[in-house]
Amino acid sequence: MHFSAVAIVALIPAVLGHGLIQSPPSRPTGATLTANCGSGVASQINSDNTSYVEALPPAAAKDKNYKPALCNLWLCKGLQFADNAANVQKWTAGQEVPIKVWLRIPHEGSANVSIVDTKTNTIVGDMLKVWSKGYAPGRTEKDAPLDQKEFSIKVPTGLEEKCANAGDCVLQWWWFGTGAKQTYESCVDFQVVKPAVKERAFNA
Ligand SMILES: *[C@@H]1O[C@H](CO)[C@@H](O)[C@H](O)[C@H]1NC(C)=O
Ligand SMILES: *[C@@H]1O[C@H](CO)[C@@H](O)[C@H](O)[C@H]1NC(C)=O
Ligand SMILES: [Cu+2]
């Protein structure tokens, strides 16, 4: 067609996406996303669920079904707890949780993993993982060091109240490609449960 080769190459990063948490299962799209964020946002994520956040606000702004009070595009890309309610992880303090990230297309930059209070969109406690630079270098997924794609986090102590109810907290992976100036977010839903052993001792 009449696209130049340069234009086509420039289009690829916008069309193909970038990354998400593959395991444990991260928030997918669903009926609640469409209801709260609108079908423009939903169809963007449906066409590429690893796509970047910056493309979403313009899509939402055009959509009369976008409800900013229920859809924060900068928290889990607007993906909704109700669409992931079947995949709530049950964790205990101190547990090591293996995480697997799909870095579909690398864009070197920074990344981190933290627990976020979904009501206030604030980070709870310390970052669980930080790559302040050098995250996702190279051109294909295999260029990225294995420990950027497969790592584990330790569930902090003291979240048994704050994160007792599914949906109140998420584990969020956040990556910013410095050159591309694109942000990627992916969230795991979990609840922190009290260890069974302790409860038995307490009741005795
Ligand atoms: C993302 O899309 C891929 C197909 O491209 C699918 O296999 C995967 O389950 C999806 N993941 C999420 C979290 O939506
Ligand atoms: C976490 O990562 C995001 C994206 O790279 C970045 O904007 C933010 O400043 C980081 N925060 C910390 C404390 O590393
Ligand atoms: Cu890109």
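Residues numbered from 1 in each chain as written. Chains lettered and ligands numbered in written order. Predicted model: local features only at pLDDT ≥ 70, side-chain atom pairs only at ≥ 80, totals over all residues.

- Under the annotation held in an unreviewed UniProt entry, the protein carries the name Chitin-binding type-4 domain-containing protein and is attributed to Aaosphaeria arxii CBS 175.79.
- Database annotation for the protein, UniProt heading Sequence similarities (unreviewed entry): "Belongs to the polysaccharide monooxygenase AA13 family."
- Taken from UniProt, the Cofactor (unreviewed entry) comment for the protein reads in full: "Cu(2+)". (UniProt positions renumbered as here; feature names shortened; annotations may be inferred.)

Thoughts on the overall build of the protein
1) Next: Check the secondary structure of the protein and you find six helices and eight strands.
2) Next: When the helices and strands of the protein are read in sequence order from the N terminus, they spell out α-β-α-α-α-β-β-β-β-α-β-β-β-α.
3) Next: Counting all 204 residues of the protein, 31% fall into the buried class.
4) Next: A sequence separation of at least 24 residues applies to 72% of the contacts in the protein between residues at least 6 apart. (Helix = DSSP H or I, 4+ residues; strand = E, 2+ residues; numbered from the N terminus. Buried ≥ 20, exposed ≤ 12 C-beta atoms within 10 Å, placed from the backbone. Contact = placed C-beta atoms within 7 Å.)

Observations regarding the nonpolar core
1) Next: If you look at the biggest cluster of nonpolar residues, it comprises 39 residues, and the most contacted ones within it are Cys169, Val170, Leu171, Trp173 and Trp175.
2) Next: Listing elements by their share of this core, those giving two or more residues are β1 (19-23), α2 (31-37), α3 (39-47), β3 (96-103), β4 (109-117), β5 (122-135), β7 (169-177) and β8 (182-192).
3) Next: Shared between two domains, this core holds at least three residues of each, these being domain 1 (25-87) and domain 2 (89-204).
4) Next: Every residue in contact with Val170, bar those within four places of it in the chain, is listed here: Cys76, Val116, Thr118, Cys187, Val188 and Asp189. (Core = buried A, V, L, I, M, F, W, Y, C linked by C-beta atoms within 7 Å. Domains from an automatic or database assignment.)

Remarks on the pairing of β4
1) Next: Pairing geometry for β4 and β5, over seven bridges, is antiparallel. Within β5, the residue paired with Val116 across the bridge is Ile123.
2) Next: Hairpin connection of β4 to β5: four residues between the antiparallel strands, including Asn121 at a positive phi of 55°.
3) Next: As judged from the nine bridges shared by β4 and β7, these two strands associate in the antiparallel manner. (Pairing = 2+ DSSP bridges.)

Some details on α3
One turn of the α-helix equals 3.6 residues, which is why residues spaced by three or four share an orientation.
1) Next: Regarding α3, the residues found buried are Val41, Ala42, Gln44 and Ile45. One side of α3 holds all its buried residues, which, seen down the axis, span an arc of 160°. What points out from α3, more than 90 degrees from its buried face, is the exposed set Ser43 and Ser47.
2) Next: The elements touched by buried residues of α3 are α2 and α4 (56-61). (Arc of directions from axis to C-beta.)

Quick word on the site of ligand 1
1) Next: Close contacts around ligand 1 come from Leu20, Ser26, Pro28 and Asn49, and that covers them all.
2) Next: Each residue belonging to the shell around ligand 1 can be placed in one class, and the counts come to two nonpolar, two polar and no charged. (Near = placed C-beta within 6 Å. Nonpolar A, V, L, I, M, F, W, Y, C, P; charged D, E, K, R; others polar.)

Section: the site of ligand 2
1) Next: Surveying the vicinity of ligand 2 reveals the residues Ser110, Ala111, Asn112, Met127, Val130, Trp174, Trp175 and Phe176.
2) Next: Each residue belonging to the shell around ligand 2 can be placed in one class, and the counts come to six nonpolar, two polar and no charged.

Observations regarding the sheet that holds β1
1) Next: With antiparallel pairing, the three strands of this open sheet are ordered in space as β1-β3-β6. Whereas interior strands pair on both sides, the edge strands pair on one side only; in this sheet they are β1 and β6 (150-154). Here the average twist between neighbouring strands, direction ignored, is 40°.
2) Next: As paired elements, β3 and β6 share five bridges and run antiparallel to each other. (Axes fitted to C-alpha atoms, helices over the stretch in contact; angles between N-to-C directions.)

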